[in-house]
Amino acid sequence: MSQDLYSSRVLELAADIHHVGLLESPDGRSHRVSRLCGSEIEVDICLRDGQVIAAGIEPKACALGQASASILMRHIVGATTEEIQTARDAFKAMLKGEGPAPTGRFWELRYLEAVKEYPPRHTSALLAFDAAVEASERALAKQVTTGEI
């Protein structure tokens, strides 16, 4: 595999994930698994007014999945649900070669641009963001159901 795929920055990110550990009472939780490599990521989110006020993660992933999770968790608190989804969609487009690297609070996803040359690795790289989008959707649905919105 390309040396760029596991650049020193990717490895640094993979080794330093913030907010590790699940929340006691999250508004939304998602567990995602990559069938190809067996990576697993579980993400918890608490929302207030559409903005993340707390988050937790339990990553059991490859270096690429952990690097992506690190980028997510460094910047998730304070992010809106729309920002998370927009970043995930831009990240997916970047990996498919259909768009530039994400900008804004999740700009560091550009360090994973080399993953686009390895389509089987896309799922593991996207795992944390897919889980965060799903957890935020579940949190919003819970708030609508309970009348918190």
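Summarised in this report is the structure supplied together with it. This structure is a prediction, so every number in the text was calculated from the model and none was measured.

Glancing now at the packing of aromatic side chains. Per the counting criterion, the structure on display carries three aromatic pairs. Three or more aromatic residues joined by ring pairs make a cluster, and in this case those are Phe91, Phe106 and Phe129.

Moving on to the pattern of salt bridges. Tallied over the full model, the rule gives 11 salt bridges. Between Arg74 and Asp16 there is a salt bridge, with the nearest N and O atoms lying 3.0 Å from each other. Placement of Arg74 in helix H2 (residues 63–75) and of Asp16 in the loop between helix H1 (8–14) and strand E1 (28–33) is noted, with a sequence separation of 58 residues between them. Arg74 sits in the partly exposed class, given a relative accessible area of 26%. Accessibility expressed as a relative area gives 36% for Asp16, which makes it partly exposed. The shortest N-O distance in the salt bridge between Glu134 and Arg138 comes to 3.6 Å. One end of the pair is Glu134 and the other is Arg138, both in helix H4 (residues 122–146) and four residues apart, which spans about a single turn.

Core analysis: the largest hydrophobic core is formed by 41 residues, its most contacted members being Ile76, Phe91, Phe106 and Leu112. Residue assignment for this core shows that the elements contributing at least two residues are H1, strand E2 (40–48), strand E3 (51–60), H2, helix H3 (81–95) and H4. Sort the elements by how many residues they give to this core and H4 lands first, with 10 residues. Setting aside its immediate chain neighbours within four residues, Leu112 contacts Val10, Leu64, Ala67, Ser68, Ile71, Phe91, Met94 and Leu95.

Let us now look at H3. Under the 1.5 Å per step criterion, the end-to-end length of H3 is 21 Å for 15 residues, consistent within 8% with the ideal 21 Å. Taken together, the buried positions of H3 are occupied by Thr81, Ile84, Ala87, Arg88, Phe91, Met94 and Leu95. Each buried residue of H3 lies within a common arc of 160° when the element is viewed along its axis, so the set occupies one face. Across H3 from its buried face, at more than 90 degrees, point the exposed residues Glu82 and Thr86. Contact partners of the buried residues in H3: E2, E3, H2 and H4. Gly97 sits one or two positions beyond H3 and adopts a positive phi of about 75°.

Strand order in the open sheet formed by three strands is E1-E2-E3, with antiparallel pairing between adjacent strands. The open sheet is flanked by E1 and E3, the only strands paired with a single partner. The sheet shows a mean angle of 15° between the axes of neighbouring strands, direction not considered. Pairing geometry for E2 and E3, over nine bridges, is antiparallel. Directly across from Cys46, in E3, lies its bridge partner Ala54. Relative to E3, H2 is tilted by about 165°, and along the sheet it contacts E2 and E3.

On the basis of relative accessibility, which here comes to 18%, the residue Glu134 falls in the buried class. Here Glu134 is in contact with Ser30, His31 and Arg32, once residues within four sequence places are set aside.

Bringing unusual backbone geometry into the picture now. One non-glycine residue, His19, adopts positive backbone phi at about 60°. Inspection of the secondary structure assignment puts His19 in the loop between H1 and E1. Its identity as a non-glycine residue notwithstanding, Asp49 has a phi of 55°, on the positive side. Among the secondary structure elements, Asp49 is positioned in the loop between E2 and E3.

Rules used throughout
Residues numbered from 1 in each chain as written. Predicted model: local features only at pLDDT ≥ 70, side-chain atom pairs only at ≥ 80, totals over all residues. Heavy atoms only, no water. Phe/Tyr/Trp six-rings, centres within 6.5 Å; stacked < 30°, edge-to-face > 60°. Salt bridge = Lys/Arg side-chain N within 4 Å of Asp/Glu carboxyl O. Helix = DSSP H or I, 4+ residues; strand = E, 2+ residues; numbered from the N terminus. Buried < 20%, exposed > 50% of the residue type's maximum accessible area, 1.4 Å probe, protein only. Core = buried A, V, L, I, M, F, W, Y, C linked by side-chain atoms within 4.5 Å. Contact = heavy atoms within 4.5 Å. Expected span 1.5 Å × (residues − 1). Arc of directions from axis to C-beta. Pairing = 2+ DSSP bridges. Axes fitted to C-alpha atoms, helices over the stretch in contact; angles between N-to-C directions.

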